[in-house]
Amino acid sequence: MGVRLLLREETLTARIIGEIDHHTARAVREEIDSTAQKIKPLHLCLDFTEVPFMDSSGVGLILGRYRLMQMWHGRVTLLNMSPQVEKLVGLSGLDRLVSIERGEMDESHE
């Protein structure tokens, strides 16, 4: 489990690697928040390309980052979720708070 962070202009992209559950969510959250607190991006992209599984801890992870970005009047985009992860996001109602994009990451998200 890990996170690769990329900053380009005002966008921080967090490429999450591995499953997100109660054992891993805290470390991911701390790594994203530590960097975000320093740079206060206007846009946070959470890239789920390499996330095969997520439980409700992942919902909490997304919601917490959404709240953090709201403090800076920023926005959150979820990228490349598997159908299972996207279904969980939809059932939780997070799809009404954040943007969802499918397909490969383009230049604006790296």
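Our structure's up above, just so we're on the same page.
What counts, and at which threshold
- Residues numbered from 1 in each chain as written.
- Predicted model: local features only at pLDDT ≥ 70, side-chain atom pairs only at ≥ 80, totals over all residues.
- Heavy atoms only, no water.
- Axes fitted to C-alpha atoms, helices over the stretch in contact; angles between N-to-C directions.
- Helix = DSSP H or I, 4+ residues; strand = E, 2+ residues; numbered from the N terminus.
- Parallel < 35°, antiparallel > 145°, perpendicular 65-115°, else oblique.
- Left-handed = near helix turned anticlockwise from the far one by under 90°.
- Contact = heavy atoms within 4.5 Å.
- Nonpolar A, V, L, I, M, F, W, Y, C, P; charged D, E, K, R; others polar.
- Buried < 20%, exposed > 50% of the residue type's maximum accessible area, 1.4 Å probe, protein only.
- Pairing = 2+ DSSP bridges.
- Core = buried A, V, L, I, M, F, W, Y, C linked by side-chain atoms within 4.5 Å.

A description of the packing of helix 1 (residues 25-39) against helix 2 (residues 56-71) should follow, citing residues and the corresponding values.
When two helices pack together, you describe them by how their axes are tilted relative to each other and by the distance separating the axes. Orientation of helix 1 relative to helix 2, taken along the N-to-C sense of each, is 15°, at an axis distance of 10 Å. Considering their axes alone, helix 1 and helix 2 lie roughly parallel with respect to each other. For the element pair helix 1 and helix 2, the recorded crossing hand is right-handed. Here Ala-25, Val-28, Arg-29, Ile-32, Asp-33, Ala-36 and Gln-37 of helix 1 come into contact with helix 2, specifically with Ser-57, Leu-61, Arg-65 and Leu-68. Residue classes in the contact of helix 1 with helix 2 are distributed as six nonpolar, two polar and three charged.

Before we move on, can you summarise the pairing of strand 2 (residues 11-17) with the specific residues and values?
The buried fraction of strand 2 amounts to six of the seven residues, a majority that puts the element mostly inside the structure. Relative to strand 2, strand 1 (residues 2-8) runs antiparallel, the two sharing seven bridges. The partner of Leu-7 across the bridge, within strand 2, is Leu-12. What sits between strand 1 and strand 2 in their antiparallel hairpin is a turn of two residues, with Glu-9 showing a positive phi close to 55°. Pairing of strand 2 with strand 3 (residues 43-50), which is carried by six bridges, proceeds in the parallel orientation. If you follow Ile-17 over to strand 3, its bridge partner there is Glu-50.

Provide a residue-level description of the nonpolar core, including the pertinent values.
Leu-46, Phe-48, Met-54 and Leu-78 are the most contacted members of the largest nonpolar core, which has 28 residues in total. Broken down by secondary-structure element, the contributors of at least two residues to this core are strand 2, helix 1, strand 3, helix 2, strand 4 (75-79) and helix 3 (83-92). For this core, the element with the highest residue contribution is helix 2, accounting for six residues.

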